[in-house]
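Chain and residue survey
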Amino acid sequence: MDIERPAIEDVDELSDLWVALAREQRAHGTHIRPEANRSRIAETMNRHAIAEEAFVARANGEIVGFVTYERAGEGFETDVDRGVVQNLYVRPAFRDAGVGASLLARAEADLAANGADAITVEAMADNEAARRFYRSNGYGRHRVALEKRLRDENHSKDGG
């Protein structure tokens, strides 16, 4: 397996993988609509590729996972320079083989080399596998987001 920077030619495939990630996260309560955001994520993936804020994992020439990240621009003076891992995805057939940990380690090293003192990552509260993965890679709780639904599911944006 090779970990490398994505090429611009990889953006369509990376967008497909992001859609797969977003689909999986629907089971854990995300409100992101995978297909509706495909063009926006293609722009975002393109930006990450150009800015060198992404890595891909390849096995036999096929992209089997990716990570995107950036330095945080919080707008407030803080006592740490923060990096943010936005997305980390590994194709199901390649999970539990160290691909995700390798991608995360490369993102962390790049962020550290560029001045980050701390790195944040978010996981859905319901996604115990992702939370376990991040804990096993040294991440601990920093913030907790709470949500309250104002309408029941029968009156969502989609139809009610």
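Presented here is a report on the structure given in the accompanying data block. Just so it is clear, the structure is predicted and the values come from calculations on it, not from any experiment.

Points about helix α1 (residues 11–26)
Compared with an ideal rise of 1.5 Å per residue, which puts 16 residues at 22 Å, α1 spans 22 Å between its outermost C-alpha atoms and is within 8% of the ideal. Along α1, the residues classified as buried are Val11, Leu14, Ser15, Leu17, Trp18, Val19, Ala20, Leu21, Ala22 and Gln25. Looking at the buried positions of α1, the neighbouring elements they touch are α2 (38–51), β2 (54–59), β3 (62–71) and β4 (82–90).

Some details on α2
Look at α2: 20 Å from first C-alpha to last across 14 residues, which is about the 20 Å you get at 1.5 Å a residue. Along α2, the residues that are buried comprise Ile41, Met45, His48 and Ala49. Looking straight down α2, one finds its buried side chains confined to an arc of 100°; they lie on one side. Those residues of α2 that are exposed and angled more than 90 degrees off the buried face are Ser39, Arg40, Glu43 and Ile50.

Conventions we followed
Residues numbered from 1 in each chain as written. Predicted model: local features only at pLDDT ≥ 70, side-chain atom pairs only at ≥ 80, totals over all residues. Heavy atoms only, no water. Helix = DSSP H or I, 4+ residues; strand = E, 2+ residues; numbered from the N terminus. Expected span 1.5 Å × (residues − 1). Buried < 20%, exposed > 50% of the residue type's maximum accessible area, 1.4 Å probe, protein only. Contact = heavy atoms within 4.5 Å. Arc of directions from axis to C-beta.

All quantities given are derived from atomic positions and should not be read as evidence of function.
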